[in-house]
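Okay, here's what each chain looks like letter by letter:
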Amino acid sequence: MVDLMSQYQDIKPAIDSAIASILESAQFINGPEVKSFQSEMEDYLGVKHVIPCANGTDALQIALMALGLKPGDEVITPSFTYIATTEVMALLGLKPIFVEVDRDTFCIAPDSIEVAISSKTKAIVPVHLYGQAANMDAIMAIAKKYDLFVIEDNAQAIGSDYSHENGKTTKTGTIGDIGCTSFFPSKNLGCYGDGGAICTNNDELADKMRMIANHGQSKRYYHDVVGCNSRLDSIQAAVLRIKLRKLDGYIDARRKVADHYDNFFANIPGIKTPVRTEYSRHVFHQYTLTFEGIDRDELNQFLADRDVPSMIYYPVPAHKQKMFESFGSGETELPITDWLTHRVISLPIHTEMEQDQLDYICSSIEEFLKIKA
Ligand SMILES: *Cc1c(COP(=O)(O)O)cnc(C)c1O
């Protein structure tokens, strides 16, 4: 699905020397690379505070911890997402309220949010799935009306631009109260291990989250709140500084691959290519097709037999996971989510894709369709 080896070869001299100098300095934790990455990321995103942390799951957990919620408080979230988004809610004793996604964007459907709001609702966690932004103008309007926090799960959409109704453009992850992202190696901005970050324009939340990520410490060995230990290490920060400078180019490369797929699959009956909304610049963390009247699982196997690593993100929606059985969420009716989990397939997409790889993937799918016709 990704080719991190070819990408590394392209930036090898810079990476190798950056890592070597950290080994020489022996400042593995909280070194100057982390501070530099933090401020470069703040500039790139156009946000006041970036708080690097250990991974994207921690980012979400720390964000929720900073809101001062009580056990039993409700958080509205899509079920059609990676488990980390909702797992941290359960971990903190919060109740995830799973709502429907939009069939075209795969992201949380604003009209399903408002009907799910109760007196216990405290926050909304939209996910910018596959690299496409959720409808943030609509979500922020609902949040304002009902006085709810918004935490964006931006793990799959770092670098995406969002065009607001008022004509302004901002980066995803900087629109809600807090944005969370992951630097897992296969993400659009990935390091060579685990990493994550939280961002916010709110000074008070930033102070709180910095404290929580550092054992609730206000000054050395004085701990004011229960926190956790979540750090980005210097080596990962150094890798990310190099790759951040290339991120826009990486996004362009992904969009080119998506254009190629779009052209190839246009007008093939039963295949729906990803919709690109007018309000967001899709950064194609995944290129995900929706199949109707074609056996998706059979195609997935057919591609696997030809060494094409297609993937199903995600075969089981969060509300149907065993993990949430005791929450009774399995009873929730989410027909669009269920429909999508049986019909989506994600094709390989990355920054180093060659024309012959694309041709092979496309012709393999064409072959499958011919056999089935
Ligand atoms: C990857 C991902 C996460 C978690 O990030 P980790 O760094 O793996 O902890 C959370 N949410 C979404 C949508 C993701 O894709």
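Cut-offs and rules
One numbering rule holds for all chains: residues counted from 1, following each sequence as written. Owing to the predicted nature of the model, reporting of local features is limited to residues with pLDDT of at least 70; listing and counting of side-chain atom pairs is limited to 80 or more, with chain, interface and lining totals taken over all residues. Side-chain metrics in this entry use all non-hydrogen atoms of the structure; hydrogen atoms and water are not considered. Secondary structure is summarised from DSSP: a helix means a run of H or I of at least four residues, a strand means a run of E of at least two, and numbering begins at the N terminus for each. For a compact globule the rule gives 2.2 Å times the number of residues to the power 0.38, and the radius of gyration it is set against comes from C-alpha atoms. Classification of residues uses two cut-offs on accessible area relative to the type maximum, computed with a 1.4 Å probe and protein chains only: under 20% is buried, over 50% is exposed, and between them is partly exposed. Any residue with a heavy atom lying within 4 Å of a molecule or strand is counted as near it. N or O atoms within 3.5 Å of each other form a polar contact, as long as, within protein, one can give a hydrogen and the other can take it, and as long as residues adjacent in sequence are counted only when both atoms are side-chain atoms. Per-residue accessibility takes into account occlusion by the displayed protein chains alone, with areas from the Shrake-Rupley method and a 1.4 Å probe. Charged means Asp, Glu, Lys or Arg here, nonpolar means Ala, Val, Leu, Ile, Met, Phe, Trp, Tyr, Cys or Pro, and polar covers whatever is left, Gly included. Here, strands pair whenever DSSP counts at least two bridges between them. Note on definitions: angles span 0 to 180 degrees between N-to-C directions of axes, and those axes are lines fitted to C-alpha atoms, for helices only across the stretch in contact. The criterion used for residue contact is that any of the two residues' heavy atoms lie within 4.5 Å. An automatic or database domain assignment supplies the residue ranges for each domain. As a working definition, buried area equals the accessible area (1.4 Å probe) given up by two parts on being put together, with both sides summed. Convention used here: angles under 35 degrees read as roughly parallel, angles over 145 as roughly antiparallel, angles from 65 to 115 as roughly perpendicular, and any remaining angle as oblique. Should the near helix be turned anticlockwise from the far one by less than a right angle, the crossing is termed left-handed; should it be turned clockwise, right-handed. What is meant by a nonpolar core is a set of buried Ala, Val, Leu, Ile, Met, Phe, Trp, Tyr and Cys residues, joined one to another through side-chain atoms within 4.5 Å.

A. Spatial organisation of the overall build of the protein chain. Secondary structure summary: the protein chain contains 12 helices and 14 strands in total. For the protein chain, the C-alpha radius of gyration of 21 Å lies close to 21 Å, the compact-globule estimate for 373 residues. Seen through its principal axes, the protein chain has C-alpha atoms that stretch 70 × 55 × 40 Å. Sorting the 373 residues of the protein chain into buried and exposed places 54% on the buried side.

B. Quick peek at the site of the ligand. Around the ligand sit 14 residues, and of these Gly56, Thr57, Asp153, Ser182 and Lys187 come closest. Ser182 is positioned such that a nitrogen or oxygen atom in its side chain is 2.7 Å from an oxygen atom of the ligand. Between the ligand and Lys187, the relevant distance is 3.2 Å, taken from an oxygen atom to a side-chain nitrogen or oxygen of the residue. Protein coverage of the free-state accessible area of the ligand, which is 380 Å², stands at 92%. No other element matches the 3 residues that helix 3 (residues 56-65) contributes to the shell around the ligand. Considering only residue class, the shell around the ligand consists of 5 nonpolar, 7 polar and 2 charged.

C. Region of the structure containing the sheet that holds strand 5 (residues 149-153). The strand order across the open sheet formed by 7 strands is 1-9-8-5-4-2-3, and the pairing between neighbours is mixed. Here the strands that pair on one side only, and so sit at the sheet edges, are strand 1 (49-53) and strand 3 (95-99). The average angle at which neighbouring strand axes cross in this sheet is 25°, direction not considered. In this structure, strand 4 (residues 121-124) lies alongside strand 5, joined through 2 bridges in parallel fashion. Bridge assignment links Ala123 to a residue of strand 5, and that residue is Phe149. Across the sheet, helix 2 (residues 32-45) is in contact with strand 1 and strand 9 (196-200); its angle to strand 1 comes to roughly 135°. Relative to strand 1, helix 7 (residues 203-213) is tilted by about 15°, and along the sheet it contacts strand 1, strand 8 (178-182) and strand 9.

D. Local environment of the domain arrangement of the protein chain. Segmenting the protein chain into domains produces domain 1 (4-100 + 107-244) and domain 2 (247-372). The centre of domain 1, based on its C-alpha atoms, is set 25 Å off from the matching centre of domain 2. Taken together, the contact between domain 1 and domain 2 spans 39 residues of the former and 38 residues of the latter. Here domain 1 and domain 2 share an interface that buries about 3300 Å² over both sides, 59% of which is from carbon and sulfur atoms. The largest share of the area that domain 1 buries against domain 2 comes from Phe80, Glu100 and Tyr130, three residues that together contribute 23% of it. Summed over the shared surface of domain 1 and domain 2, the result is 22 residue pairs in polar contact (both at pLDDT 80 or more). When contributions to the side of domain 1 that touches domain 2 are tallied by element, the ones reaching two or more residues are helix 1 (4-25), helix 4 (84-91), strand 3, strand 6 (161-163) and helix 8 (234-244). Looking at the side of domain 1 that touches domain 2, its residues break down into 19 nonpolar, 14 polar and 6 charged.

E. Structural context of the packing of helix 3 against helix 4. At their nearest, the axes of helix 3 and helix 4 sit 9 Å apart, and the two run at 45° to each other. Considering their axes alone, helix 3 and helix 4 lie oblique with respect to each other. The chirality of how helix 3 crosses helix 4 is right-handed. Across the interface between the two elements, Thr57, Leu60, Gln61 and Leu64 from helix 3 touch Ala84, Thr85, Glu87, Val88, Met89 and Leu91 from helix 4. Across the contact of helix 3 with helix 4, the residue classes tally to 6 nonpolar, 3 polar and 1 charged.

F. Structural context of the nonpolar core. Formed by 31 residues in total, the largest nonpolar core has its most connected members in Ile76, Phe80, Ile108, Ile113, Ile124, Leu129 and Ile139. Among the elements of the structure, strand 3, helix 6 (136-146) and helix 11 (335-341) are those that each provide at least two residues to this core. For this core, the leading source of residues is helix 6, giving 4 residues. Inspection of this core shows a minimum of three residues originating in each of domain 1 (4-100 + 107-244) and domain 2 (247-372). Non-local contacts of Leu129, meaning those with residues more than four positions away in its chain, are made with Phe80, Thr81, Phe106, Cys107, Gln156 and Tyr314. Among the nonpolar cores identified, the runner-up in size contains 30 residues, and Tyr8, Tyr44, Ala238 and Ile251 belong to it.

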